[in-house]
Amino acid sequence: MAVLAMPGANVLLPRPGYPMYEARAALGGLEFRHYNLLPDEGWEVDIEGVEALADENTVAIAMVNLGNPCGSVYSYEHLTKIAETARKLGIMVICDEIYEHCTFGSKPFVPMGVFGEIAPVVTLGGISKRWRVPGWRLGWIAMTDPKGILRKKKILESIIIYRSISVDPAAIIQVELDISYFDGIDDDIDFCTKLAKEECVVICPGSGLGMKNWLRVTFAVDPPLLEDVMERLKSFCLRHAKPTRNHVTL
Ligand SMILES: Cc1ncc(COP(=O)(O)O)c(C=O)c1O
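Rules used throughout
Residues numbered from 1 in each chain as written. Predicted model: local features only at pLDDT ≥ 70, side-chain atom pairs only at ≥ 80, totals over all residues. Heavy atoms only, no water. Helix = DSSP H or I, 4+ residues; strand = E, 2+ residues; numbered from the N terminus. Expected span 1.5 Å × (residues − 1). Buried < 20%, exposed > 50% of the residue type's maximum accessible area, 1.4 Å probe, protein only. Arc of directions from axis to C-beta. Contact = heavy atoms within 4.5 Å. Core = buried A, V, L, I, M, F, W, Y, C linked by side-chain atoms within 4.5 Å. Domains from an automatic or database assignment. 1 Å grid on protein atoms, 1.4 Å probe; cavity = no way out; pocket = protein on both sides within 12 Å on 5 of 7 lines; lining within 4 Å. Points joined across faces, edges and corners; volume = space filled by probe spheres on them. Nonpolar A, V, L, I, M, F, W, Y, C, P; charged D, E, K, R; others polar. UniProt positions renumbered as here; feature names shortened; annotations may be inferred.

- Going by an unreviewed UniProt entry, the chain carries the name Aminotransferase class I/classII large domain-containing protein and comes from Miscanthus lutarioriparius.

Below is the structure:
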């Protein structure tokens, strides 16, 4: 969303929808406008409403197929209509397909990328729903852009820079916290709360994931920032160490 936030730009979002899109647009300074999903038509997109809502500053229509919260599975015909509307409006389609593998019943799932010849499509996916591994935080962005429209606008490069996406290996580790080292720190939650307050460093307490006195550390940031964080962590640990144990190895 933030990547699309040029001055005055707006994006069209479904109502009802997954609220993260509104939050992301608001955070990125991108205006969002709601188009309706129609309950009497299997929660299909109100195509006329979309056309009425868009203007020359609209950059994209975002949609979720399979739909959250409505569970709708859009037909080939309906997806064609959405793509044709996007072409008519000169905008891209962002399609969240994270529930792709949760389709039940007779209606087949059709990926929006199939319609990339009609309008450029950015597809969002992830492994959390299919494989029940939300903690892995692993997803992807795919572009179907046979006409090179998104390439020309350097959308992919902007996303890579904005999200600090790198091909480096594991950016998350779990470490056990030796609570006996500290004075006045009760457990992992206490450790993380005090660390955030005193050093502005945020680490996820393992208790939130069912692992008391463990820490979940993400370190996918630039090396200078990481060095700064390590220094803060070290001084925090030294400050809270029991008098007999005031050394720390990082
Ligand atoms: C429509 C939709 N997209 C994306 C996500 C994000 O999924 P995760 O954070 O598990 O990768 C969710 C999560 O509920 C969702 O409902």
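Following the structure, the description resumes.
1. Some remarks on helix 8 (residues 223-239)
Right, on to step 1. For helix 8, with 17 residues, the first-to-last C-alpha span of 24 Å sits near the 24 Å given by 1.5 Å per residue.
Right, on to step 2. Every buried residue of helix 8 is accounted for by Leu233, Phe236 and Cys237. In an axial view of helix 8, the angular spread of the buried residues amounts to 95 degrees, which keeps them on one side of the axis. The outward face of helix 8, more than 90 degrees from its buried face, is lined by the exposed residues Pro224, Glu227 and Glu231.
Right, on to step 3. Among the structural elements, helix 7 (188-199) are those in contact with the buried residues of helix 8.

2. Focus: the nonpolar core
Right, on to step 1. The biggest cluster of nonpolar side chains holds 23 residues, and the ones touching the most others in it are Tyr35, Val45, Met63, Leu79, Ile82 and Met112.
Right, on to step 2. Sort the elements by how many residues they give to this core and helix 3 (residues 76-89) lands first, with four residues.
Right, on to step 3. In contact with Met112, other than residues within four places in its own chain, are Met63, Leu79, Ile82, Ala83, Val93, Cys95, Glu97 and Val121.
Right, on to step 4. Grouped together as the second largest cluster of nonpolar side chains are 18 residues, Ala60, Met92, Ile94 and Leu150 included.

3. Digging into the domain arrangement of the chain
Right, on to step 1. Each assigned domain of the chain is listed here: domain 1 (2-163) and domain 2 (169-240).
Right, on to step 2. Using C-alpha coordinates to define each centre, domain 1 is positioned 36 Å away from domain 2.

4. Some points on empty space enclosed by the protein
Right, on to step 1. According to the stated counting rule, one finds two cavities of 30 Å³ or more in the structure shown.
Right, on to step 2. Looking at the largest cavity, its volume works out to about 60 Å³.
Right, on to step 3. As for the largest cavity, its lining consists of 13 residues, of which Pro14, Leu37, Val64, Gly67 and Tyr74 are closest to the centre.
Right, on to step 4. Listed by contribution, the elements that provide at least two residues to the lining of the largest cavity are strand 2 (31-38) and strand 4 (58-64).
Right, on to step 5. Looking at side-chain class alone, the lining of the largest cavity contains nine nonpolar, four polar and no charged residues.
Right, on to step 6. In this structure, the second largest cavity spans a volume of roughly 40 Å³.
Right, on to step 7. For the lining of the second largest cavity, the elements supplying multiple residues, two or more each, are helix 2 (47-53) and helix 3.
Right, on to step 8. When residues of the lining of the second largest cavity are assigned to their parent elements, the largest contribution, four residues, is made by helix 3.

5. A short note on the UniProt feature "domain: Aminotransferase class I/classII large" (unreviewed entry) in the chain
Right, on to step 1. UniProt records the feature "domain: Aminotransferase class I/classII large" (unreviewed entry) at residues 2-158, using the numbering of this structure.
Right, on to step 2. Between the end C-alpha atoms of residues 2-158 there is a gap of 10 Å, over a span that is 27% helix and 25% strand.

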